[in-house]
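Secondary and tertiary structure notes
Chain residues, written in single-letter form:
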Amino acid sequence: SAVFDFSNLQDSVILNGANASDYTITYHNSQSDASDGTGIVGSDYRAFDGEQIWFRIENNQTSCWSAGSFDIVVNPLPEIDILDNPTLCLDGSPLVLQANESGTDTYEWSTGETSQSIEVTAPGRYFVKATNTYGCDLLKEFTVELPEFLGIDVFHFEQPSKVVVQITGSGNYLYQLDGGFAQDSDTFYDVSVGEHTITIYDTNGCGPVRRDFFVLNYPKYFSPDGTLPYWHILGQENIPGMTSTKIFIYDRSGRVVGVLDENSQGWDGNDLNGTPMPATDYWFRADVMVNGNHIIATGNFSLLR
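Presented here is an overview of the structure given in this document.

1. Brief notes about the overall build of the chain
What the chain contains, in helices and strands, is one helix and 21 strands. Relative to its length of 305 residues, the chain is extended, with a C-alpha radius of gyration of 37 Å against a globular reference of 19 Å. On the principal axes, the C-alpha backbone points of the chain span a range of 125 × 45 × 30 Å. Within the chain, buried positions represent 38% of all 305 residues. Taking as baseline every contact in the chain between residues at least 6 positions apart, the subset at least 24 positions apart corresponds to 48%. With the model as given, the accessible surface of the chain reaches about 16,900 Å², and the carbon-plus-sulfur share is 47%. Charged side chains in the chain number 14 positive and 41 negative. The centres of these two groups are separated by 14 Å.

Quick look at the structure:
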């Protein structure tokens, strides 16, 4: 649709050499309204493409009148398909911005380029003006954002474990854990202990970004006489950058009954004097040093006999 100011047409009408001021011209939505002189369409009327408009021309001296009609032609504006806040590529490659898919429009970008698409490598304000074959033009302004990969938050020692990918900006991403299915959520649950890889896919056509991480956890129970004879932190084996582990194990009274480090086989259920401890719950405090960062955890587990 488009807004028409029919009042501006009056001065341009010449009938049989007479001035337009000698006549009154009104516009209507139907033939009957034009005949009766009712239902006059006012200025700033929003008309639709193909709509029929009726007009009434009346002589101001003789009151003689005539009616006729014409069809409205509204030429379409060009379309611009760029988002309001496109986001640069996480992998550092140029972001391709395409104005639209038309092969007949002409373009003028704020960068001075006149192609249908451009490559952007810096954040900031941009605009593009597209002009179609009818001479109609459309200007769109937008802000290109700079995303930032803040890291992967691993909630170690939680059961179930949780991993959250942190990225700023309004980009559209898919996340894949190891060789699993890609998902639009940035959060993964029940991630097993050990090393993993997150792959981030940008739906704007940028290249994928991969980041490695690891998960630490602990068994909720163990049995010195069963299939799990030792209790220890799980997932610390072969973790890059791990330098030390210190774990203290306590009984219900707060007495230290076990001390472990990264080289320990694990707690066998005996206190520091080698006396077997009863089947019950025990508590621990772990300090794992990885790449100079302390990962602190506390929790409890059960000894089964």
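Continuing now.
2. What to know about the side chain of Thr187
Mapped onto the elements, Thr187 comes out in strand 14 (residues 187-189). Residues within four places of Thr187 in sequence aside, it is in contact with Lys162, Val163 and Val164.

3. Some remarks on the environment of Val259
Following the sequence through the fold, Val259 ends up in strand 19 (residues 256-261). Along the backbone, Val259 and Gly135 are 124 residues apart, and their C-alpha atoms lie at a distance of 81 Å. Among all residues touching Val259, those that are not within four sequence positions of it are Lys246, Ile247, Phe248 and Leu272.

4. Section: the pairing of strand 15 (residues 194-202)
In the sheet, strand 13 (residues 173-177) pairs with strand 15 via five bridges, with the strands oriented antiparallel. Looking at strand 15, one finds that Tyr173 is bridged to Asp202. In the sheet, strand 15 pairs with strand 16 (residues 209-215) via seven bridges, with the strands oriented antiparallel. If you follow Gly194 over to strand 16, its bridge partner there is Val215.

5. Considerations on the packing of aromatic side chains
Within the structure shown, the criterion is met by 15 aromatic pairs. Here the aromatic rings of Tyr27 and Phe70 are separated by 6.3 Å at their centres, their planes lie at 80°, and the arrangement is edge-to-face. Here Tyr27, found in strand 2 (residues 23-28), pairs with Phe70, found in strand 5 (residues 65-71); they are 43 residues apart in sequence, far enough to count as distant. When the centroid spacing of 4.2 Å and the interplanar angle of 15° are considered together, the rings of Trp231 and Phe301 count as stacked. Of this pair, Trp231 sits in the loop between strand 17 (221-222) and strand 18 (242-250) while Phe301 sits in strand 21 (residues 293-303), and the two are 70 residues apart along the sequence. Put simply, the rings of Phe157, Tyr218, Phe222, Trp231, Trp267, Tyr282, Phe284 and Phe301 pair up and form one aromatic cluster. The ring of Phe155 carries Lys162 above its face, with NZ or CZ at 4.5 Å from the centroid. Taking the ring centre of Phe149 as reference, the NZ or CZ of Arg211 above it sits at 4.9 Å.

6. Comments concerning the state of the cysteines
Inspection of every chain in the model, using the stated rule, returns one disulfide. Across the disulfide from Cys89 sits Cys206; the S-S distance is 1.9 Å. Because the torsion about its S-S bond is -65°, the bridge between Cys89 and Cys206 counts as left-handed. In this pair, Cys89 is assigned in the loop between strand 5 and strand 6 (95-98) and Cys206 in the loop between strand 15 and strand 16, connecting sequence segments 117 residues apart. Each member of the pair, Cys89 as well as Cys206, carries the same accessibility label: buried.

7. Overview of the sheet that holds strand 4 (residues 52-59)
Pairing within the open sheet is antiparallel, and its three strands lie in the order 2-4-5. Only two strands of the sheet have a single neighbouring strand rather than two, namely strand 2 and strand 5. On average, adjacent strands in this sheet sit at an angle of 20° to one another, irrespective of strand direction.

What counts and how
- Residues numbered from 1 in each chain as written.
- Predicted model: local features only at pLDDT ≥ 70, side-chain atom pairs only at ≥ 80, totals over all residues.
- Heavy atoms only, no water.
- Helix = DSSP H or I, 4+ residues; strand = E, 2+ residues; numbered from the N terminus.
- Rg over C-alpha atoms; globule rule 2.2 N^0.38 Å.
- Buried < 20%, exposed > 50% of the residue type's maximum accessible area, 1.4 Å probe, protein only.
- Contact = heavy atoms within 4.5 Å.
- Areas by Shrake-Rupley, 256 points an atom, 1.4 Å probe, with all protein chains shown as cover.
- Lys, Arg positive; Asp, Glu negative; His and termini not counted.
- Charge placed at Lys NZ, Arg CZ, Asp CG, Glu CD.
- Pairing = 2+ DSSP bridges.
- Phe/Tyr/Trp six-rings, centres within 6.5 Å; stacked < 30°, edge-to-face > 60°.
- Lys NZ or Arg CZ within 6 Å of the ring centre and 35° of its normal.
- Disulfide = S-S within 2.5 Å.
- Axes fitted to C-alpha atoms, helices over the stretch in contact; angles between N-to-C directions.

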